[in-house]
Each structure stands twice: as C-alpha cells, then as structure tokens.
Amino acid sequence: MTAAAAATLEVRGLTKEFGRRPPVRAVDDVSFALRPGTITGLVGESGSGKSTVARLLSRLYSPSGGSILFGGEDVSRTALRRYRSEVQMIFQDPFASLNPVKKVQHHLERPLRIHGIASRGDVDAVVHDLLRTVGLVPPATIAQKYPHQLSGGQRQRVAIARALAVKPSVVLADEPISMLDVSIRIGLLNLMADLKKDLGIAFLYITHDIASARYIADEVLVMYAGRIVEQGPTDDVLQDPLHAYTKLLLSAVPSPEPGGHRELLVRARRPSTDGELVEARPGHFVRQPTT
Amino acid sequence: MSAVATRTLLELDDVSVEYALRDRVVRAVDGVSLSLAPGETLGIAGESGSGKSTLANAILQILKPPAQLAGGRVLFEGRDLAAMKPDELRRFRWRHVSLVFQSAMDVLNPVMRVGDQFVDMLKAHEKVKKADALQRAGDLFELVGIDRNRVRAYPHQLSGGMRQRVVIAMALALRPELIVLDEPTTALDVVVQREILQELQQLKDELGFAVIFITHDLSLLVEFSERIAIMYAGEVIELASGETLFRDPRHPYTVGLMRSFPPLTGPLERIAGIPGSPPDMAAPPSGCRFNPRCPHCDPTDARLYARQTDERPRLREIAPGHLVACHLVEERP
C-alpha cells in the first residue's frame, strides 16, 4: 500500500465555470494529487471554490476544463458506480445526509448491496464491523436506531461508516466537523487520522478551520478566489507562510491563549492570485507574479 | 474593576426557563445567577443544548411558548423585567438592550432598502423625520465600516458580513447600555469574523456599552471577554476571567473544552477531547450533569461517587472572582 509517490487521485488544470456572459470561474486551473495514507487539507474562505473542488472530484459536477485521473486513468471514461466504489464523500451536515425514516442499519446495508460487497448472510456482521471501526458501540444497538436518536457527532460517524462500506481508497470530507459541537470535533478528527493510518485511505479534508487542518493534514492547499495560492507540507506552509492570503487567513484565527492573538492583517486590497506556482522551498509552492 | 464598588447593570437571579412540551417539561436553563457591570463584556460559552441562547432570550424577555420563565428574576438597573407591561418592554428593548443573533443578517426585509428599514426602526422608538433618520442611518453605517451610500442598497446587494454589520448598526442606533450578541459571527468566515469583532471592540471602547457575548467558540471569548461563564446542560458550571480559565480551568468540562482546540503553533500532540455527548435535557443525569462524561467520576471513591451521581454541585467561589460547581474541586481543592 505504501508506494509513497503513487497518487491515487490526481487533478490537472481543473477548471469549473458557472453561467455565461460573463461566466464565473469558481475553480481555476487547480492541480494536486491525493496519495494513499495521506490527509490533504484544502483550506480557504467560503466562496474560495473549495466545495466546488469537492463536487468536481465526487463527479457531482463535470469540469469545464482539465482532467481528473484515478490510478492514472481519466475518470470521465469510468462508470460512475465503479468510481464511487473507490471515491466516497462525507458532507457537512449530518442532519441532512441521513434519511430520517430509516435506521442506521439501512444506511450501511444499502452501499453493501448496491456494490455487491456482502452476501445476505454476513450483512449484519459487516455492518457491525463498520460501526465498530467508527467507534459506535455497541453496534447491535446503534444499528437499530433512527438518525434522530443519535447526536450530531454520532450521525457524522454513521456517515463515515457509510462511506467506508464500499472500501474506498479516497474519501472526500467537506467541512465534516463544522456543524458539530466543539467537544466532539476532536474525536472525529482523531477518527480520520486513524482511518488514514489503519486503512491507508487518501483523504481530502476541506475546511475553513486552519488549526484543525494543522492537526490532521500532512499537506495543505490554500485556495483563494478559485486558485491555489500556496501548497506544501502542512507545518512548512502554516508556520512560515509565503503568500499574502495565507498570512491574512492565519492572522484571523482566534487563539485561546490570552494576549496570544495576532492583530488581523488589514485586507488592504485583494491578495493577488496572479502568476505561477513556483517551488519556493522543497515541496512548498507559492503563487508569485511572473516578472 | 473592583467587584464591590461597581454598579450592576444587569442581574440574573436564579433564572430558570422551561419548555412545556405536550408530554413533559424540559428545563433548558436551571438556576443561573450572573451579574454584569456597565461597560463590561461577559462571555457565555456552551455547546448546543447548553441553554445559552435560551438564556439570551430570557434576558430580552422574548421567550415564546412553549418556553417560559419558570423561576428567578432578570433585573436591569434594579428593575424586574418580568414585571414590565408589553408596551413598556417594547420601548425598553433596543433603547436599553438590543440583540444580534447568528442569522440576524437574514432578518432584513429583502424587498426594502436597508436605509428604509432603519427609518422604520427609529420611527418606532422616537419622533423623527425621515430625512434625519436616513442621515443617522448613514452615520451608523460609517460607524460599522460601511459606505454611507449603501443605505440605498437592498439586502441582496450586500455580502453576509455587510448585512451582519447593518444589523449591528441597528442594534447600536438607540445607544443601548447593553448589547447581547448570540453567535454573531458564526455564519461568517474567519477573516470577516475577526474584522467585525475588532470593530465591535473599538465601538465598545468609544461608546461604553456592555456586551454579553454568547458563542460555542471559547477561543473567541478568551480574546474578547473580561469574564466568561461556561454553561453545561442548563447551568453555569464555571465563571472566571478569560486569563484564569485559560491558565487554571478547574471544572473537568472546562478543562476538556480548553483542550479541544488544536493549537496553530507550537508542538502538536494527540488530543483526547471529551468522551460522550451532551445530555438529553428531557432526562438529564442525576447529581452532577457532567458525571457520565467526567474522567474523575468513578466508583473507587464510593463517598465522592455518591455525591457526584446524586447531589447537584453548587457554584462556589474558590478564589476571588473564580467560581466552580464541582464536587471534586470542593473536596480536593
């Protein structure tokens, strides 16, 4: 599993435009790779295009330009069902993503049946295994509950179990903790870190919460106005940011330490997204105007 | 800042709020006592279901059935708000206390220019000519960092952050002594959130109003409040300055909450978080409501365990200005 360099999912020059006259370019020439056993954090404000990237990767939208490669092959030619058995999603709102009139058992059985993963006889055992994997115990009890009988954190764990049911190699998580209470967010982050390690899953973790990205992501992509403005190893980018927008974003993060907060850098003008991504340090790219 | 000499602006005295549902009564706020000095910023932190927003509604006396004040008093400069007539209350709100809540930016009427909505609000409270009211709306817009010409804008022409600024400007219009902010920036981005909070801080320094700032984001409160009350399951379980809560949190829930924020700088280690979920308020645990999630609640010390699971801990002052409701802290200071 640990062919470190081999990308599972790769995007090249991904572009998405909405509307016409003039079209809005929500995602503009984005390239990156997701590798097995790696969490890639995609950070930015709302409107930066990060959720559009998730929808393109999950093939809910089709790109206006560029390509998505899975295992080196262009996915536009892959059947959607086969693609989804490898690339799964977790959404922001665990209240909206589960059917309120169906038990947990139903939510986990469905992908197993659709993708022909478990035979009728061992469905229960597989469902219980999945629940244990995401820390929902005792599984036999949880499986018989309806979504409204679970807390937000438990619901999000069910959503993760559902994503894992098809044994995907890639999981796209779009703001998976932002609607959860503070005291249970860490538990979900720890779960994702464990799944990455134990199952070798390649995660794309989309968030506006930079501290949480630092906590679990191996690499980060900073997105602004549809473009990636900086990318590289998490600590390198967040401890020593090079792009004006990354610096602004970091200065806005509240710090629990009294007196430890940074003054907000004034958003004097829109940080520039012009130029090319250049490698400023090994593996650390920043968008710089070409002179 | 001395606790004895300062005047009290707002006092919550043993306030309880209940939701009378068809088959049961849920007590969302249970015996909360807090006081606020003029010009002070008090933070209230808690998770969903902790009762913090219900408490805000109780302060403004805007509880709607099935919620009702089930006990205690809300005193503003010594006057009991529950004893006021509806007419008196209507004049009282906005002039003395105003409220900005999370989705406040959505309260703006979409088919009316924001300036005209200002005029309506001002006219409801005082005799004022339209031209003068618009002039004042423009002044207030500038105060919160919006171009005064935007009074002619419709809400959809403004960004979420600008709409929230408009609502804050409205809340400031009658120069109230107290503004209650209930998750005022939760729906906004981090950068916009910080811009607005820094502006509010400056306005507060200039105009001298007091603030009750309610949020689930404790890290914001530590920066922007003088004192912070931590709520859990309808009760205040710890009250202290932000500095004290950061350096010496005593309630195991506060300790867990403080540790739930991964650091942006410095060494990274795995954080355990708080196990379990907040309780179902229709059937809260007996004794200390945090006991099912508390790492220090186990039967090895049978006597302490009995207290933790049977007896409600009371908020006690353990150091000047630092109050904690915890049996463990009481027995092993």
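Basis of the calculations
Residues numbered from 1 in each chain as written. Chains lettered and ligands numbered in written order. Predicted model: local features only at pLDDT ≥ 70, side-chain atom pairs only at ≥ 80, totals over all residues. Helix = DSSP H or I, 4+ residues; strand = E, 2+ residues; numbered from the N terminus. Rg over C-alpha atoms; globule rule 2.2 N^0.38 Å. Buried ≥ 20, exposed ≤ 12 C-beta atoms within 10 Å, placed from the backbone. Contact = placed C-beta atoms within 7 Å. Expected span 1.5 Å × (residues − 1). Arc of directions from axis to C-beta. Axes fitted to C-alpha atoms, helices over the stretch in contact; angles between N-to-C directions. Parallel < 35°, antiparallel > 145°, perpendicular 65-115°, else oblique. Left-handed = near helix turned anticlockwise from the far one by under 90°. Nonpolar A, V, L, I, M, F, W, Y, C, P; charged D, E, K, R; others polar. Pairing = 2+ DSSP bridges. Core = buried A, V, L, I, M, F, W, Y, C linked by C-beta atoms within 7 Å. pLDDT = per-residue confidence, 0-100. Domains from an automatic or database assignment.

Peer 1: Tell me what's going on with the overall build of chain B, and back it up with residues and numbers.
Peer 2: Scanning chain B from N- to C-terminus turns up 11 helices and 12 strands. By the compact-globule yardstick of 20 Å for 333 residues, chain B fits well, its C-alpha radius of gyration being 21 Å. If you line up chain B on its principal axes, its C-alpha atoms span 75 × 50 × 45 Å. By residue count, 45% of the 333 residues in chain B fall in the buried class. Taking all contacts inside chain B whose residues are at least 6 apart in sequence as the whole, residues at least 24 apart take part in 63%.

Peer 1: Explain helix α4 (residues 130–143) of chain B to me, using residue names and the numbers behind them.
Peer 2: A turn of α-helix holds 3.6 residues, and therefore any two residues three or four places apart point the same way. All names here are of chain B. End to end, α4 covers 20 Å across 14 residues, agreeing with the expected 20 Å (1.5 Å per residue, within 8%). Listing the buried residues of α4 in full gives A133, L134, A137, L140 and F141. Along the axis of α4, the buried positions cluster into a sector of 120°, meaning they face one direction only. With respect to the buried face of α4, the exposed residues turned more than 90 degrees away are A131, D132, D139 and E142. The secondary structure elements touched by the buried residues of α4 are α3 (114–125) and α5 (160–172). Where α4 ends, the next residue or the one after it, G145, has phi of about 85°, a positive value.

Peer 1: Describe the packing of helix α6 (residues 152–164) of chain A against helix α7 (residues 182–199) of chain A, listing the residues and the values that go with them.
Peer 2: Residue and element names in this part refer to chain A. Contact pair α6 / α7: the axes reach a minimum separation of 10 Å and the direction vectors enclose 15°. Taken together, α6 and α7 sit at an angle that is classed as roughly parallel. The two elements α6 and α7 cross, and the hand of that crossing is right-handed. When α6 is examined against α7, the residues G153, Q156 and I160 are found in contact with a partner set consisting of I184, G187, L188 and L191. Of the residues assigned to the contact of α6 with α7, the class counts are 4 nonpolar, 3 polar and no charged.

Peer 1: Account for the environment of A56 of chain B, naming residues and giving values.
Peer 2: Residue and element names in this part refer to chain B. Within the secondary structure, A56 is located in helix α1 (residues 52–59). Owing to 19 C-beta atoms within 10 Å, A56 belongs among the partly exposed residues under this scheme. Separated by 124 residues in sequence, A56 and V180 place their C-alpha atoms 7.1 Å apart.

Peer 1: Report on the sheet that holds strand β6 (residues 87–90) of chain A, specifying residues and quantitative values.
Peer 2: Pairing between the strands of a sheet is mediated by backbone hydrogen bonds and can be parallel or antiparallel. All names here are of chain A. Reading across from one edge, β6-β7-β8-β3-β9-β10-β12-β11 is the order of the 8 strands in this open sheet, with mixed pairing throughout. The open sheet is flanked by β6 and β11 (276–281), the only strands paired with a single partner. Neighbour to neighbour, the strand axes of the sheet diverge by 20° on average, direction disregarded. Pairing of strand β7 (residues 170–174) with strand β8 (residues 202–207), which is carried by 5 bridges, proceeds in the parallel orientation. Counted as the bridge partner of D174 is I206 from β8. In the packing of α6 onto the sheet, the strands contacted are β6 and β7, and the crossing angle to β6 comes to about 175°.

Peer 1: So what's going on with the interface of chain A and chain B? Which residues, and what values?
Peer 2: Each side of the interface is counted separately: chain A has 32 residues, and chain B has 34 residues. Elements that contribute at least two residues to the side of chain A that touches chain B include exactly α6, α7, α8 (210–216) and α10 (244–252) of chain A. Classifying every residue of the side of chain A that touches chain B by side-chain character gives 14 nonpolar, 12 polar and 6 charged.

Peer 1: Now, about the nonpolar core: what can you tell me, with residues and values included?
Peer 2: Of all hydrophobic cores here, the largest spans 167 residues; its most connected members are L204, Y205 and V222 of chain A together with I212 of chain B. Counting residues per element, this core draws most heavily on α5 of chain B, which supplies 8 residues.

Peer 1: Outline the confidence of the model for chain A, supporting the account with residue identities and numerical values.
Peer 2: Per-residue pLDDT for chain A averages 89, and the proportion of residues at 70 or more is 93%. At the level of individual helices and strands, chain A shows its lowest average pLDDT in α10 of chain A, which scores 89, and its highest in strand β3 (residues 39–43) of chain A, which scores 97.

Peer 1: Provide a residue-level description of unusual backbone geometry, including the pertinent values.
Peer 2: One can expect most non-glycine residues to show negative phi and most peptide bonds to be in trans. Residues and elements named next belong to chain A. Here the amide bond leading from R21 into P22 is cis, since omega sits at -10°, within 30 degrees of zero. Residue placement: P22 occurs in the loop between β1 (9–18) and β2 (24–34). For the bond running from V137 to P138, omega is -10°, close enough to zero to count as cis. Topologically, P138 is positioned in the loop between α4 (123–133) and α5 (139–143).

Peer 1: Give a description of the environment of Q149 of chain A that names residues and reports values.
Peer 2: Residue and element names in this part refer to chain A. Checked against the element boundaries, Q149 lands in the loop between α5 and α6. A tally of 13 C-beta atoms within 10 Å means that Q149 is categorised as partly exposed. In this structure the C-alpha to C-alpha distance between Q149 and D274, which are 125 residues apart in sequence, comes to 50 Å.

Peer 1: Any chance you could break down the domain arrangement of chain A for me, citing the residues and the numbers?
Peer 2: Residue and element names in this part refer to chain A. Looking at chain A, the domain boundaries give domain 1 (1–86 + 174–291) and domain 2 (95–165). Computed over C-alpha atoms, the centres of domain 1 and domain 2 are 28 Å apart. Taken residue by residue, the interface counts 9 residues in domain 1 and 7 residues in domain 2. For the side of domain 1 that touches domain 2, the class distribution of residues is 6 nonpolar, 2 polar and 1 charged.

Peer 1: Account for the sheet that holds β1 of chain A, naming residues and giving values.
Peer 2: Residue and element names in this part refer to chain A. What the 4 strands build is an open sheet, ordered β2-β1-β4-β5; its pairing is antiparallel. Two strands in the sheet have a free side with no partner beyond their single neighbour: β2 and β5 (73–74). Across 2 bridges, the pairing between strand β4 (residues 65–70) and β5 is antiparallel. Bridge pairing links F70 to E73 in β5. Along the sheet face, helix α1 (residues 50–57) touches β1, β2 and β4 and points at about 65° away from the line of β2.

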